[in-house]
There are 2 protein chains.
Amino acid sequence: MIHKIGFIGLGIMGKAMASNLLKKGFEITGFVRRPEKLDEIKALGIKTATSIPDVCAKADCVITMVGGPDDVKEVWQGSNGVLASAKKGALVIDMTSSSPALAIELYEKGKTLGLRVLDAPVSGGDSGAKNATLSIFCGGDREDFEHALPVFEAMGRNIVLEGGPGRGQDTKLAAQIVVGGQLAGMCEGFAYAKERGLNLEKFASSLKGSAADCASLKLYSERVLNNDRSPGGALSYLVKDLKNALLALEGSGIDLNVTREVLSNYQSMQDRGMGSLGTQALVWDYAQRSGIKKQGH
Amino acid sequence: MIHKIGFIGLGIMGKAMASNLLKKGFEITGFVRRPEKLDEIKALGIKTATSIPDVCAKADCVITMVGGPDDVKEVWQGSNGVLASAKKGALVIDMTSSSPALAIELYEKGKTLGLRVLDAPVSGGDSGAKNATLSIFCGGDREDFEHALPVFEAMGRNIVLEGGPGRGQDTKLAAQIVVGGQLAGMCEGFAYAKERGLNLEKFASSLKGSAADCASLKLYSERVLNNDRSPGGALSYLVKDLKNALLALEGSGIDLNVTREVLSNYQSMQDRGMGSLGTQALVWDYAQRSGIKKQGH
């Protein structure tokens, strides 16, 4: 039975997930790099430590929820990393959206060290994290997955062992491909509706229950109607995930040309300093790009 | 009060819609071009006529539900068309997914002839038509819309007057842009999952309730899992609608690059003789195209 959990990565997602673990009676020690965050984390009821070895010292289970593959490498590897610091037999779970190849590498390294490694990225954004309704896509060994279930059940509700190591990451990347197409479709639909002078509220309301209805509309159409570009999900995360997805297909001969185009739109926005905006901000970028082109003439 | 309806275009959608009108007590006369279809239509309880003027002669309301803009022109225009044949004061509704410019042209011609013209394309596919759960996007004058409401309510449930003439078509095209992105995202997600060897049933089940969930998954993931390429919606209809959408934006400077890419995928399939397949058939086309490329080396 898992009781003591070390939590590394207390950003918006991580904080909400750790809070839900606390509610279910787990004891949480969090890794805090920046001293100015200590009070905030303590106020949630999370014990704090300022080094990864300290976080791992007594933990039956260590969870990492950081930015992307590079951050995962940084906290897992090296003499002060999770792999070197976790107790023998501990469960070590990377919940970051990362790369399948890295997940397999960490699983194998962990195995030689006597650790039980799972990859378990999530879907559902900050609201899913807060309400413990995350979808959790897990890769690894069945025995370890079952051992981890009470931990997952404190944070999410659609929890699936997709297959062996890396399969959680592969599932998350495939899901992000679906999300990317959906978001681009939604944003281009709104861009069309704006350009043609449709009443956007009527348009959005017409789509409810139609063949065009989707999670992106439920999550973001309100923000679109309110001219609100603030992030539910920052577009830089989608850029990262779609890049990792295309990277995982390299050499396969499979060309996901629509995903490439979706990525190119969001990459272009990130390059123009808009990486922290919400994914729905693409709606306004069509008119902006068209303006840029017109000025270029 | 509308009682007698003339119905032109008794394909899969039209037949289901006319049947729902019958159930609500409307008297329907259908236009049947091919004599071999007479018995089938009569068996539904629909009166039959073999010319457009005959269908229009006694109708308070004429509905057309044909293939696309070219078919609409064919049945509406000319000396035996709907415009020349409908009774003065009759309501004439084009429910075909067509072009906004054509809808405006027909509205204006109809007005000079004393007709009340609405454009009212639908979303929801054959199941929406059968279950009277269509979304109906209407353009035209409010008075005419209100007059038509009992007719619409027999066939659908989310019924919105989007604005003046052509606005129903614009809304449908914007909705199809959203559908196109969603479908491409779903198909590329499955193509990724297949290529990476994921368990497709687990993948599909993982997406339920996640940020990737959408109407396309609800409508088509079962067919994808069963290797079933048969149409809920034939991809040729999406090709037609996305072409009309891009046409409507011509000269605006707005470049919907993702929609262009979605259209290019489906157009390429249609060019290779797959136009009557369901939109989900794109899932298998990535591997096929990759094979074509490999053979080309």
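Residues numbered from 1 in each chain as written. Chains lettered and ligands numbered in written order. Predicted model: local features only at pLDDT ≥ 70, side-chain atom pairs only at ≥ 80, totals over all residues. Heavy atoms only, no water.

Novice: Where do I start with the overall build of chain A in this structure?
Specialist: Assigned secondary structure in chain A consists of 14 helices and 9 strands. In terms of principal-axis extent, the alpha carbons of chain A reach across some 60 × 45 × 35 Å. Considering chain A as a whole, with its 297 residues, one finds that 58% of them fall into the buried category. Here the analysis covers contacts within chain A between residues at least 6 apart in sequence; of these, 67% occur between residues at least 24 apart. As displayed, chain A has an accessible area near 11,700 Å², and 50% of this comes from carbon and sulfur atoms. In chain A, 35 side chains carry a positive charge and 33 a negative one; their mean positions are 4 Å apart. (Helix = DSSP H or I, 4+ residues; strand = E, 2+ residues; numbered from the N terminus. Buried < 20%, exposed > 50% of the residue type's maximum accessible area, 1.4 Å probe, protein only. Contact = heavy atoms within 4.5 Å. Areas by Shrake-Rupley, 256 points an atom, 1.4 Å probe, with all protein chains shown as cover. Lys, Arg positive; Asp, Glu negative; His and termini not counted. Charge placed at Lys NZ, Arg CZ, Asp CG, Glu CD.)

Novice: Just to check I follow, could you spell out the confidence of the model for chain A for this structure?
Specialist: A low pLDDT means the predicted coordinates there should not be read in detail. Mean pLDDT over chain A: 96, with 98% of residues reaching 70 or higher. For this predicted complex, the interface score ipTM comes out at 0.96, while the overall pTM is 0.96. (pLDDT = per-residue confidence, 0-100.)

Novice: So what exactly am I meant to see when it comes to the packing of helix α9 (residues 167–195) of chain A against helix α11 (residues 215–225) of chain A here?
Specialist: Two quantities define a packed helix pair, namely the angle between the helix axes and the distance between the axes. Residue and element names in this part refer to chain A. Packing of α9 against α11 brings their axes to within 10 Å, and their N-to-C directions diverge by 35°. Here α9 runs over α11; the crossing is right-handed. Between α9 and α11, the residues in contact are V179, Q182, L183, M186 and F190 and A215, S216, L217, Y220, S221, V224 and L225, respectively. By residue class, the composition of the contact of α9 with α11 is 9 nonpolar, 3 polar and no charged. (Axes fitted to C-alpha atoms, helices over the stretch in contact; angles between N-to-C directions. Left-handed = near helix turned anticlockwise from the far one by under 90°. Nonpolar A, V, L, I, M, F, W, Y, C, P; charged D, E, K, R; others polar.)

Novice: Would you mind showing me how to read the nonpolar core here?
Specialist: Within soluble globular proteins, side chains that are nonpolar tend to cluster in buried spots. Core analysis: the biggest nonpolar cluster contains 90 residues, and F190 and Y266 of chain A together with Y192 and Y266 of chain B have the highest contact counts within it. Not counting residues within four places of it along the chain, the set of residues in contact with F190 of chain A comprises L200, F203, A204, L217, S221, V224, L225 and V283 of chain A. (Core = buried A, V, L, I, M, F, W, Y, C linked by side-chain atoms within 4.5 Å.)

Novice: Whenever I open this one, the pattern of salt bridges confuses me. Can you help?
Specialist: Opposite charge on two side chains lets them pair, provided their charged atoms get close. As enumerated under the stated definition, the model contains 33 salt bridges over all chains in all. Measuring nitrogen to oxygen at the nearest pair gives 3.9 Å for the salt bridge that ties R33 of chain B to E74 of chain B. Pair noted here: R33 of chain B is in the loop between β2 (27–31) and α2 (38–43) and E74 of chain B is in helix α4 (residues 69–76), with a separation of 41 residues, a long-range link. The residue R167 of chain B makes a salt bridge to D170 of chain B at a minimum N-O spacing of 3.0 Å. Here R167 of chain B pairs with D170 of chain B, and both are found in helix α9 (residues 167–195), just 3 residues apart, close to one helical turn. With a relative accessible area of 24%, R167 of chain B lands in the partly exposed category. It is possible to trace a salt-bridge network through shared partners that takes in K4, E27 and K47 of chain A. (Salt bridge = Lys/Arg side-chain N within 4 Å of Asp/Glu carboxyl O.)

Novice: What am I meant to see in the environment of A248 of chain A here?
Specialist: In this structure, A248 of chain A sits in helix α12 (residues 235–249). Not counting chain neighbours up to four residues away, the residues in contact with A248 of chain A comprise P100 of chain A together with Y192 and R196 of chain B.

Novice: Help me understand the relation of the copies chain B and chain A in this model?
Specialist: What relates the pair of chain copies is a rotation about an axis plus a shift along that axis. For the pair chain B and chain A, the superposition axis carries a translation of 0.0 Å, the fit reaches an RMSD of 0.0 Å, and the rotation angle comes to 180°. Such a turn and shift between the copies fits a two-fold axis. Comparing contact sets, 100% of the residues at the interface of chain B also lie at the interface in chain A, consistent with an isologous, same-surface contact. (Least-squares fit on C-alpha atoms with pLDDT ≥ 70 in both.)

Novice: Looking at this structure, how should I read the interface of chain B and chain A?
Specialist: Much of the literature gives interface size as the accessible area that the parts lose upon coming together. Taken together, the 68 residues of chain B in the interface contact 68 residues of chain A. Together chain B and chain A conceal approximately 5,600 Å² of surface at their shared face, both sides included; 57% is due to carbon and sulfur atoms. Inspection of the region where chain B meets chain A yields 2 salt bridges. With a closest N to O distance of 2.9 Å, D170 of chain A and R196 of chain B form a salt bridge. Remark: the boundary between chain B and chain A carries 38 residue pairs in polar contact (both at pLDDT 80 or more). (Buried area = accessible area lost by both parts, 1.4 Å probe. Polar contact = N/O pair within 3.5 Å; in protein donor to acceptor, adjacent residues only side chain to side chain.)

Novice: Quick question: what am I supposed to make of the packing of aromatic side chains here?
Specialist: The description of two aromatic rings rests on the distance between their centres and on the angle between their planes. All names here are of chain A. This model, assessed by the stated rule, comprises 4 aromatic pairs over all chains. Plain terms: the ring middles of F145 and F152 are 6.2 Å apart, the flat faces sit at 40° to each other, and that makes the pair tilted. Here F145 and F152 have matching classes, each one buried. (Phe/Tyr/Trp six-rings, centres within 6.5 Å; stacked < 30°, edge-to-face > 60°.)

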